[in-house]
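Reading the structure
If you want the building blocks of each chain, they are given just below.
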Amino acid sequence: MTSSVQIPRIGQALPFWLSLGLVPLAALGAVHGGWTVFLLPVATWWLFAFLDHFLGLNTQNRDPETPDDALRWYRAITLIWAPIQFAMIFGALAWVTWTGTLATWERIALFIGLGVVNGAVGIVYAHELMHQKTRLERWLGDILMAMSLYGHFRSEHLLVHHRYVGTPRDTVTARFGEGFHRFFLRVLPEGYRSAWAAETALLARKGLPWWDRSNPFWRYATLQLAMLSLAVIVGGWAGLGLFVLQACVGVWQLELINYIEHYGLTRKHLGDGKYEHVRPRHSWNAAHRASNWLLINLQRHSDHHYKPDRRYPLLQTYDATEAPQLPYGYPLMGIIALIPPLWRKVMHPRIREWRRTFYPEVTDWTPYIRGETPMPR
């Protein structure tokens, strides 16, 4: 890692507020239609990939001991995003269903774009919030996840993914050779089942049944039902369909990011069902400046798994001696992942190099590739 630097008060926080620039694009698409309905996915994917190319990498690390009081401008964008996204989605829903100014294809394109924003911004912010300790932040995270009808992600992420990442027990660690489309169809049911199993097991250890009021699935269901009901109230059955469409796109975007973050990386099996501790080498790292602004440093994913409770401005980046590096930021890597032959061409040589660098003693990777627990040697 590079040497740490201190955090200025507001100056360096402002780039992380670039997500607000997507709000007027959503309004423009809703009001004018036509080609403007494509601005949201273009800005989210291609603009930030373009900016990454010209702005390069940011390898500076800030002091990880910086107190929360010095991070208020960084935290603020994550705190205000839930009402902003709520207004974007339901405001657009009311406009397109009440005015009838957009053709059917324009409505569909607009809400696909809103789903992209939901997945690339809303769920990313929810991810930051669900890792925090305050009730307000956790509630805001749950509200954001309800807009994607994917509330169980919090349980799956905190109780399963962080504990078992890089092992066969983690649903969202993409296996070597597993294409994204197959991965996506696999994780949808498996992620829900693993989240439910983790929560009910936690309740059982407390001597409580699954239907106890403390089961967070009651909260997830209530919030999601409220979102669906409001969509019907605002826009009728067409409104419900458009809301579900953007939610599905948001989930698709989330799982595309999940796919990229750990593809082909595994923790070494130590025998007796035990694995080595999670280290920076078990996540793909990306130091690309612009896409880290949009994704609030999510691409510093190696450090997030190493120190899950660290707030996003303090996440550290690593060089290739400590963590595997992606050649591009998530926006461009996501596009590549949608084309499996191209993805394999880009990623498989890097995974083989990762194996040689960090695990030269492992001679048989077959069990890891198959998602099996290797036999102790």
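Attention in this report is confined to the structure presented alongside it. (Residues numbered from 1 in each chain as written. Predicted model: local features only at pLDDT ≥ 70, side-chain atom pairs only at ≥ 80, totals over all residues. Heavy atoms only, no water.)

**Digging into the overall build of the protein**
Rule in force here: For helices the rule is a DSSP run of H or I covering at least 4 residues; for strands it is a run of E covering at least 2, with both sets numbered from the N terminus onward. Any residue under 20% of the maximum accessible area for its type is buried, any over 50% is exposed, and the rest in between are partly exposed; the area is computed with a 1.4 Å probe on protein chains only. Contacts are assigned to residue pairs that have any heavy atoms within 4.5 Å of one another.
A count of helices and strands for the protein gives 13 helices and 4 strands. For the protein, the C-alpha atoms occupy an extent of roughly 65 × 55 × 45 Å along the three principal directions. When burial is assessed residue by residue, the protein has 55% of its 377 residues classed as buried. Sequence separation of at least 24 residues holds for 72% of the intrachain contacts in the protein that already meet a minimum separation of 6.

**Notes on the packing of helix 4 (residues 104-130) against helix 8 (residues 216-262)**
Quick note on the threshold: Convention adopted: a line fitted to C-alpha atoms gives each axis, helices being fitted over their contacting stretch, and angles between N-to-C directions are expressed from 0 to 180 degrees. By the definition adopted for this analysis, an angle is roughly parallel if under 35 degrees, roughly antiparallel if over 145, roughly perpendicular if from 65 to 115, and oblique otherwise. Two helices that cross are described as forming a left-handed crossing if the nearer one is turned anticlockwise from the farther one by less than a right angle, and a right-handed crossing if clockwise. The classification used treats Ala, Val, Leu, Ile, Met, Phe, Trp, Tyr, Cys and Pro as nonpolar, Asp, Glu, Lys and Arg as charged, and all other residues, Gly among them, as polar.
Across the interface, helix 4 lies against helix 8 with an axial gap of 7 Å and an inter-helix angle of 45 degrees. The orientation of helix 4 relative to helix 8 falls into the category oblique. Here helix 4 and helix 8 pass one another in a crossing that is right-handed. Residue-level contacts link Arg107, Ile108, Phe111, Ile112, Leu114, Gly115, Val116, Asn118, Gly119, Ala120, Ile123 and Val124 of helix 4 to Leu242, Leu245, Gln246, Val249, Gly250, Val251, Gln253, Leu254 and Ile257 of helix 8. Considered class by class, the residues forming the contact of helix 4 with helix 8 number 14 nonpolar, 6 polar and 1 charged.

**Quick notes on the environment of Tyr330**
Considering the arrangement of structural elements, one finds Tyr330 in helix 11 (residues 330-337). As for Tyr330 and Ile257, which are separated by 73 residues in sequence, their C-alpha atoms are 7.1 Å apart. In this view, Tyr330 contacts Ile257, Ile260, Glu261, Trp284, Ser291, Leu295, Leu298, Gln299 and His301; residues no more than four positions away in its chain are not counted.

**Concerning the nonpolar core**
Keep this limit in mind: The criterion is simple. A nonpolar core is a set of buried Ala, Val, Leu, Ile, Met, Phe, Trp, Tyr and Cys residues joined through side-chain atoms within 4.5 Å.
Counting 89 residues, the largest nonpolar core has Leu110 and Trp343 as the members making the most contacts within it. Apart from residues no more than four positions distant in its own chain, Leu110 is found in contact with Ala26, Gly29, Ala30, Val37, Leu40, Ala92, Val96 and Leu102.

**With respect to unusual backbone geometry**
Positioned with a positive phi, Leu149 is a non-glycine residue whose angle comes to about 55 degrees. Within the element layout of this structure, Leu149 appears in the loop between helix 5 (135-146) and helix 6 (153-164). For Leu149, a relative accessible area of 24% gives the class partly exposed. A positive phi is found at Asp272, a non-glycine position, where the angle reads about 55 degrees. The topology assignment puts Asp272 in the loop between strand 3 (269-271) and strand 4 (274-275). A relative accessible area of 75% means that Asp272 is categorised as exposed.

**A short note on helix 7 (residues 180-205)**
As a reminder of what qualifies: Helices are assigned an expected span. That span is 1.5 Å times one less than the residue count.
In this model helix 7 runs 36 Å from its N-terminal to its C-terminal C-alpha over 26 residues, within 8% of the 38 Å that 1.5 Å per residue would give. Among the residues of helix 7, those classed as buried are Phe180, Phe183, Phe184, Arg186, Val187, Gly191, Ser194, Ala195, Ala198, Glu199, Thr200 and Leu203. If you follow the buried residues of helix 7, they end up packed against helix 6, helix 8 and helix 11. Taken from the residues just after helix 7, Gly207 is the one with a positive phi, measuring 75 degrees.

**So, the pattern of salt bridges**
The condition is simple: Should a side-chain nitrogen of Lys or Arg be within 4 Å of a carboxyl oxygen of Asp or Glu, the pair is scored as a salt bridge.
Across all of its chains, the model carries 10 salt bridges by this definition. With its nearest N and O atoms 3.0 Å apart, the salt bridge here joins Glu137 to Arg311. Placement of the pair is Glu137 in helix 5 and Arg311 in the loop between helix 10 (301-306) and helix 11, with a sequence separation of 174 residues. The same class applies to Glu137 and to Arg311, which are both buried. Salt bridges sharing common partners tie together Asp68, Arg75, Glu137 and Arg311.

Any functional reading would require information that these geometric values do not contain.
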